[in-house]
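# Remarks on the overall topology
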Amino acid sequence: MSQVRVRFAPSPTGDFHIGSARTALFNWLYARHTGGVFILRIEDTDRERNTPEALRLLLDGMRWLGLNWDEGPEAGGEHGPYFQSERGDIYKEHLEKLREAGRAYDKDGAVWFKISDEPQVIEDAIRGRVERTEEKDFVIFRSNGAPVYHFTVVVDDIAMGITHVLRGEDHLSNTSKHTELFVAFGAPLPIFAHFPLILKSHGPGKMSKRDEGALIEDYQRRRFLPEAVRNYLCLLGWNPKDDSEVMSIDEIIERFGFTGINRNNARFDEKKLAHFNTEHLRLLPLETFTLMVRPDLDETGVVPEDTDEDYLQAVLGLCQEKVRSFPELPAYIGYFFNDNFEYAEKAHKKVFRKGDPPTRVRELLAALESLEDFSEVALEQTLQGLAEANGLYTGEYIHPARLAVSGTDAGPGLYALLRVLGKERTIRRLKRFVEKFG
RNA sequence: GUCCCGUUCGUCUAGCCGGGUCCAGGACACAGGGUUUUCAUCCCUGUAACAGGGGUUCAAAUCCCCUACGGGACGCCA
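This structure is a prediction, so every number in the text was calculated from the model and none was measured.

Scoring rules and cut-offs
- Residues numbered from 1 in each chain as written.
- Chains lettered and ligands numbered in written order.
- Predicted model: local features only at pLDDT ≥ 70, side-chain atom pairs only at ≥ 80, totals over all residues.
- Heavy atoms only, no water.
- Helix = DSSP H or I, 4+ residues; strand = E, 2+ residues; numbered from the N terminus.
- Rg over C-alpha atoms; globule rule 2.2 N^0.38 Å.
- Buried < 20%, exposed > 50% of the residue type's maximum accessible area, 1.4 Å probe, protein only.
- Contact = heavy atoms within 4.5 Å.
- Areas by Shrake-Rupley, 256 points an atom, 1.4 Å probe, with all protein chains shown as cover.
- Phe/Tyr/Trp six-rings, centres within 6.5 Å; stacked < 30°, edge-to-face > 60°.
- Lys NZ or Arg CZ within 6 Å of the ring centre and 35° of its normal.
- Pairing = 2+ DSSP bridges.
- Axes fitted to C-alpha atoms, helices over the stretch in contact; angles between N-to-C directions.
- Right-handed = clockwise from strand over helix to strand, strands pointing away.
- Near = heavy atom within 4 Å.
- Polar contact = N/O pair within 3.5 Å; in protein donor to acceptor, adjacent residues only side chain to side chain.

## Considering the overall build of chain A
Counting its secondary structure elements, chain A contains 17 helices and 11 strands. For a compact globule of 438 residues, the expected C-alpha radius of gyration is about 22 Å, and chain A comes in at 31 Å, more than 25% above that figure. Principal-axis analysis of the C-alpha atoms gives chain A an extent of 100 × 40 × 40 Å. Taking all 438 residues of chain A together, 51% fall into the buried category. Of all intrachain contacts in chain A linking residues separated by at least 6 positions in sequence, the fraction that spans at least 24 positions is 74%. Put simply, chain A shows about 20900 Å² of open surface, and 48% of that area lies on carbon and sulfur atoms.

## Regarding the packing of aromatic side chains
All chains considered together, the criterion is met by 23 aromatic pairs. Centre to centre, the rings of phenylalanine 8 and phenylalanine 16 are 6.4 Å apart; their planes meet at 50°, and the pair counts as tilted. Overall, phenylalanine 16 belongs to the buried group, its relative accessible area being 4%. With a centroid separation of 4.7 Å and an interplanar angle of 25°, the aromatic rings of tyrosine 335 and phenylalanine 336 are classed as stacked. Note on accessibility: tyrosine 335 and phenylalanine 336 belong to one class, buried. It is lysine 107 that lies over the ring of tryptophan 112; its NZ or CZ is 4.3 Å from the centre. Stacked on the ring of phenylalanine 138, the Lys or Arg lysine 177 has its end atom at 5.7 Å from the ring centre.

## Focus: helix 7 (residues 226-234)
Buried residues dominate helix 7, accounting for 8 of its 9 residues. Taken residue by residue, helix 7 has Pro226, Ala228, Val229, Arg230, Asn231, Tyr232, Leu233 and Cys234 as its buried positions. Considering only its buried residues, helix 7 is in contact with helix 1 (18-34), helix 2 (52-64), helix 6 (216-221), helix 8 (249-255), strand 11 (266-267) and helix 9 (270-283).

## Notes on the sheet that holds strand 7 (residues 138-141)
An order of 3-4-7 is seen for the 3 strands of this open sheet, with the pairing classed as antiparallel. The open sheet has two edge strands, strand 3 (104-107) and strand 7, and neither has a second partner. Going from strand to strand, the sheet's axes swing by 45° on average, the running direction of each strand aside. Bridging between strand 3 and strand 4 (residues 110-113) involves 4 bridges; their strand directions are antiparallel. Each residue of the ladder has a partner; that of tyrosine 105, found in strand 4, is tryptophan 112.

## Quick notes on the pairing of strand 9 (residues 191-195)
Counting buried positions over the 5 residues of strand 9 gives 4, a clear majority of the element. Here strand 8 (residues 164-168) runs beside strand 9; their pairing, made up of 5 bridges, is parallel. Among the inter-strand pairings, valine 165 is bridged to a residue of strand 9, identified as phenylalanine 192. Handedness of the crossover is the feature at issue here: the chain leaves strand 8, passes through helix 5 (residues 175-184), returns alongside strand 9, and the resulting connection is right-handed.

## A closer look at the protein's contact with RNA strand B
Lining the immediate environment of RNA strand B, one finds 58 residues, of which Arg127, Arg142, Glu245, His399 and Asp409 sit closest. When the atoms of RNA strand B within 4 Å of the protein are sorted by group, sugar and phosphate make up 73%. Asparagine 174 has a polar side-chain atom sitting 3.4 Å from a base nitrogen of RNA strand B. Where the surface near RNA strand B is concerned, the elements lending two or more residues are strand 6 (128-132), helix 4 (149-159), strand 11, helix 9 and helix 16 (395-406). With 4 residues, helix 9 is the largest single contributor of residues to the surface near RNA strand B.

What follows is the structure, given as structure tokens:
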């Protein structure tokens, strides 16, 4: 069989939203799975509504998601141009063919396509056989001379040698118009595959640009991991049949196919997306994690410029598995880089509710000052030894210690925390606590 | 209104084609419990679904029909 050629054909009229992104994704996956060609074609025939800004958003979003195209804008290819606005001559030629065949006529200043009286049969790769009869002739060129979507899409799919048309179910009813045109041009039908739509999380209807969480741009801005968004999107309407969820893109490409695509619409769930983000965050090698979180750290300025790189790495290594997203990291690690952090009121109250924290911290300070080995094992032994010697629970030292060195009541395990902070910082902070609270 | 597509836990879904192994499995969310010095981690447990009705069959989530509901398309938008 000849090589698979699929296309994603958006119109740059607004934001790049999740539904479009998934259409692009499924086409891309199918191309990569089959070793085929993924084409990006810009459907900008509606001059009124297209904007360069929307195009930029689209290309950025595609790249962010890792959906590289083999032919299209900025990539070139032998079937260009890839902007419909530049394909006027091709449309005119094809219109002539229809006129010659007696299938096009003028009315009210527009050009109309004369439908056949045949019922159209669509062998859909996902839905099976679907029959639909077109009921009336439709416009293919507007009175302002611009060609209409149903016409351009078919002409381009023929001219670009598209073998498979993969798109949302919202196009299923239009497909009978398209098959009419394919037949009128004497062209073979591509294989159609219509997948389910993404419905909004709450309320009726499909997801639209106005809905919460609908924009790819939003996820870029909120620093989601593109592989997490992509992974989640793959599972909205497709599944590998064996309960696998968090997968590498190579694994998804390997397993992707029509048999795993569902027929019923899926509701978008931001909580599950957040879960994928957390999972993928944990999978990141520390060096990558460090590199990626840099912008968040720079933006908030929590890490001073002269910070030792090894120390930063150690801190991140400790905290990577504790956070659920990049933006929450700066606040989570702030105290590591600032000895003069504030003691959180809630944590302070909690710790001071019982026992004698200042005394415990003083005892701990004395013990740690003479401790050379700041390994977790040694620290643990020291604290436990101290507790035993004074007939107290280790918790009576641990909680005040945490408050004293971090100002909070939550965070990484205390021994690891102290190890990373190191002796000098730890001592300094314990002293500060003693000075402040006696 | 007409036509097209669909309907399994709150949500994403497995199972359906080739009916029995399904008093329906997994994940997210939620609830409870546990581990840990803490927590935003981790572990365990629990709650919870075959839209309804009719048929076919020894047997139906699985096959057929009807109804209801959901979604989509009916533009000189794409």
